[in-house]
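Examination of the molecular architecture
Below are the chains, spelled out letter by letter.
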Amino acid sequence: MPSDRRGDAQDPGPLRSEPGSLLEHVVVAVLGFDDEDRICYWGPGAQSLFGHEAASVLARPASLLFPEPAPGDDGPGAAAHLAERARTLGYWRVRLPALHRDGSVFDCGFRVFPLTGATGASVVLGLASRGDELDRVKTNLSFLDALFETCPIGLVMLDEDLRYVHLNQALADMDGVPLDAHLGRPMADIMITSDGGEYQRMLRTVAQEGRTVIGALVGLRTPGRPDRDQVRSVSFFPLSGAGDTRRGLGGLLLDVTDREQAILEATAARQRLALLDRAAAGIGTTLDLNTTARELVAAVVAEFCDACVVELVEWMDETEDFDPGLPLMTRRIASGTVLPEPAVELVSGLEEVTYPPGSSIHQMLGSGRPLCFTVDEEFATRTVVHQQRARLLLDSGLACIVIAPLIARGTVQGLAMFGRSAARPAFAEEDLGLAGELASRAALCLDNARLYGRVRDIALTLQRALLPSAPAAGPYVDISHRYLPGSRGTEVGGDWYDAIALPGDRVALVVGDVMGHGVPAAAAMGRLRITAKTLARHNPEPVALLEELDLCAQEAGIEWATCLYLLYDPHTGRARIANAGHPPPLVRHRDGSVHTVGDVPGVPLGVGGVPYRSVEVELPEGAVVALYTDGLVEVRGQDIDTGMDALREQLRAPLGSLEQAADRILANLLRDTATDDTVLVLARVGAVPGRAPAGPAA
């Protein structure tokens, strides 16, 4: 067995200590005794420990390794005693005096056990080391064990990637995270700082450049104590790799929060500013009331509080003065909590809320600023009408609540409530200021959404009032029509359509789109639609009608509007079409084929100076004409030809009833986030007495 001493010229063999470890300089001697207690095996470690070369000891009595027994000692020698104990007990550990070749006696630790070979011969194998070296290792190991078990300072070992390799219980308690839950995780997952990554850069400098950091102060939070800001004094030093292990760093961490209150307050201030900055960016991304309220809740739960609700006040008249002597009714539009039941039921179980006179809500509205209340019997009784809801509040785990008014442009929009459980610190004065700032910013966004919604509703009401509810199509044309406004975040546009019954069973189909959005576009649309209907009854020719509409648009200041006018005569089966910059109509025949007619549009209305022209096409019995606005075929980032192809594909499918076909086409082509208004008119031409039928209807 080769020597385990580092630097030995021989092969180090399997028994060796890794460089840099506590066992590095402990020589382990391997030796063997036969049945006659003679030395039958002598490893290089044994030569190093006892000083004898193998040739000088093999086959000699093992007693030469021990001092002579004291005079009068008639018992077996040390070697015989070792062999006897090994064979009797199977394993024996003992400390005995040993004799070096130079005559010196030293304390030696032995571990002996018997081995039996294939032939049945028995050998006692022994492992031996100097007693003082074993004592040194034991002392060092005992010191390290005691250090990690009892040291009140946090101790940690990290690898080169700053992941936890080893730590003591003191650090686990400091983090509020179980010891095993640390191992293998990056330190950044446990020690959460708001210093822009400076702490992590410092640790990488220690690991990569070998620098030592002593007594650096770090402000942080941990996932085990998310509500408690800490300041720690940290010292880190590089660890050299042992054998094939990776390099890393060791550290000592001491909680100095109480001593460094100023740093703690600065850290909390930075976190409040960071929260306010994130909230300012994340609240009001849309002009939708409910979405804006949900954004406020998402911004504060659970970083600032454990639960939050947003409610709008249901005023009978926005100009009425707040009367603290009357009940207050609100509508809850957003809520959220990280607490378990019954807190979830408390914040989300009601939509309409009534607060009795003299409630905490009345008190807050009377002051016009955020107020903090302790959740107790008196608060619950004064604030909550129903006893069952009051019990939910008391059992929810909430310990204190901040109520802040949502005031924008001098009008109280509603209120926001922020609640914390007893596991978090109570709201401080700075927290009330933050709650007020968050509520103020949210109130402005909510008011913008409210005003936008009001204007949009006015425009949509106006537009729906100006559009035909039941277009007249005559006895030989079936009509299905749809108008869909854009998504909630988009103003109403100026899309319009009409079907006009004319003498001689003729039918005029009109579809158009006024540039712009909101009330002006709806008003311009109404003017053009009424004018077109009037003109059609006196001068139905398509070109003449568009020319008159163009003059009307110029006189009204309408700078840009598209319009398509189709005049169909069922007795001839032909239609004349004039186009002012509008997407061309599509015709589906009974065999399922679809083609475009009049695909060369003229200039839009309001431009002036350019003559219009018309085209004439035949519409056989059973043909379906599709008129539409660009909202159906145009998608941002997509070529309009792709949308046109998709519409053609929808028309090629079996249509069934026109009502079903219109619903199917809109469902398949329009996205939920469509940003433009959409009009779709489907017209199927029928049979006229005296005209030969072209086949079964599509």
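Just so you know, these numbers come straight off a predicted model, no measurement behind them. (Residues numbered from 1 in each chain as written. Predicted model: local features only at pLDDT ≥ 70, side-chain atom pairs only at ≥ 80, totals over all residues. Heavy atoms only, no water.)

A few words now on the overall build of the protein chain. Per the secondary structure count, the protein chain includes 19 helices and 26 strands. Burial analysis of the protein chain (698 residues in total) assigns 47% to the buried set. Taking the contacts inside the protein chain whose residues are at least 6 apart along the sequence as the reference set, 61% of them involve residues at least 24 apart. For the protein chain, the computed accessible surface area is about 33,100 Å², with 54% contributed by carbon and sulfur atoms. (Helix = DSSP H or I, 4+ residues; strand = E, 2+ residues; numbered from the N terminus. Buried < 20%, exposed > 50% of the residue type's maximum accessible area, 1.4 Å probe, protein only. Contact = heavy atoms within 4.5 Å. Areas by Shrake-Rupley, 256 points an atom, 1.4 Å probe, with all protein chains shown as cover.)

A few words now on the packing of helix 18 (residues 640–652) against helix 19 (residues 658–669). Relative to each other, helix 18 and helix 19 sit at 145°, their axes nearing to 10 Å. The handedness of the crossing between helix 18 and helix 19 comes out as right-handed. Every residue of helix 19 that contacts helix 18 at Ala 646, Leu 647, Gln 650 and Leu 651 is listed here: Arg 664, Ile 665, Asn 668 and Leu 669. Partitioned by chemical class, the residues of the contact of helix 18 with helix 19 number 5 nonpolar, 2 polar and 1 charged. (Axes fitted to C-alpha atoms, helices over the stretch in contact; angles between N-to-C directions. Left-handed = near helix turned anticlockwise from the far one by under 90°. Nonpolar A, V, L, I, M, F, W, Y, C, P; charged D, E, K, R; others polar.)

For the rest of this paragraph, the subject is the pairing of strand 25 (residues 624–628). Burial within strand 25 is extensive, with 5 of its 5 residues counted as buried. One ladder, built from 3 bridges, connects strand 22 (residues 586–588) with strand 25; its direction is antiparallel. Within the sheet, the bridge partner assigned to Leu 586 lies in strand 25 and is Ala 626. The pairing of strand 25 with strand 26 (residues 678–685) spans 5 bridges and is classified as antiparallel. When the sheet's bridge partners are listed, Ala 626 is paired in strand 26 with Leu 682. (Pairing = 2+ DSSP bridges.)

Before going further, it helps to examine the side chain of Thr 222. Tracing the chain through its elements places Thr 222 in strand 8 (residues 213–222). Since its relative accessible area comes to 1%, Thr 222 is described here as buried. Leaving out residues up to four positions away in the same chain, Thr 222 has contacts with Asp 175, Ile 190, Gln 230 and Arg 232.

Before going further, it helps to spend a moment on the confidence of the model for the protein chain. Of the residues in the protein chain, 87% have a pLDDT of 70 or more, and the chain-wide mean is 84. Contacts of residues 1–23 to residues separated by more than four positions or lying in other chains number 42 contacts, the stretch itself having pLDDT below 50. Every residue in residues 694–698 scores below 50 in pLDDT, and together they form 11 contacts with partners more than four places removed in sequence or on other chains. (pLDDT = per-residue confidence, 0-100.)

Attention now moves to the sheet that holds strand 9 (residues 225–239). Ordered by their spatial adjacency, 5 strands build an open sheet running 7-6-10-9-8, and the pairing between neighbours is antiparallel. The sheet is open, and its two edges are formed by strand 7 (164–167) and strand 8, each paired on a single side. Neighbouring strand axes in the sheet, compared pairwise and without regard to direction, differ in orientation by 30° on average. Pairing of strand 6 (residues 154–159) with strand 10 (residues 248–255), which is carried by 6 bridges, proceeds in the antiparallel orientation. Opposite Gly 154, over in strand 10, you have Leu 253 as the bridge partner. Sitting on the sheet, helix 8 (residues 198–209) is in contact with strand 6, strand 8, strand 9 and strand 10, with an inclination near 20° to strand 9.

Below, the discussion takes up the packing of aromatic side chains. Both the distance between ring centres and the angle between the ring planes are used here to describe each pair of aromatic rings. This model, assessed by the stated rule, comprises 6 aromatic pairs. Ring geometry for Phe 50 versus Phe 106: centroids 6.0 Å apart, planes at 50°, classification tilted. Here Phe 50 is found in helix 1 (residues 44–50), whereas its partner Phe 106 is found in strand 4 (residues 105–116), with 56 residues between them in sequence. Geometrically, the ring pair formed by Phe 304 and Phe 418 is edge-to-face, given 5.7 Å between the ring centres and 80° between the ring planes. (Phe/Tyr/Trp six-rings, centres within 6.5 Å; stacked < 30°, edge-to-face > 60°.)

Once that is clear, we can look at the pattern of salt bridges. The final tally for this structure, using the stated rule, is 31 salt bridges. The network of salt bridges with shared partners includes Asp 35, Asp 37 and Arg 87. (Salt bridge = Lys/Arg side-chain N within 4 Å of Asp/Glu carboxyl O.)

Take the pairing of strand 20 (residues 561–569) next. In terms of burial, strand 20 is a largely internal element, 8 of the 9 residues being buried. As defined by bridge partners, strand 19 (residues 507–514) adjoins strand 20 across 8 bridges and the pair is classed as antiparallel. Following the sheet pairing, Asp 513 is matched in strand 20 by Thr 562. Here strand 20 pairs with strand 21 (residues 574–580) via 7 bridges, running antiparallel. Pairing of Asp 569 across the sheet is with Arg 574, part of strand 21. Between strand 20 and strand 21, which follow one another and run antiparallel, lie 4 residues, and Gly 573 among them has a positive phi close to 70°.

So, on to helix 8. Along its 12 residues, helix 8 runs 16 Å from first to last C-alpha, staying within 8% of the 16 Å computed at 1.5 Å per residue. Every buried residue of helix 8 is listed here: Tyr 199, Gln 200, Met 202, Leu 203, Val 206 and Ala 207. End-on view of helix 8: buried residues confined to an arc of 160°, all on one side of the axis. Exposed positions of helix 8 whose direction lies more than 90 degrees from the buried face are Gln 208 and Glu 209. On its buried side, helix 8 packs onto strand 6, helix 7 (187–190), strand 8, strand 9 and strand 10. Phi turns positive, to about 75°, at Gly 210, one or two residues after helix 8. (Expected span 1.5 Å × (residues − 1). Arc of directions from axis to C-beta.)

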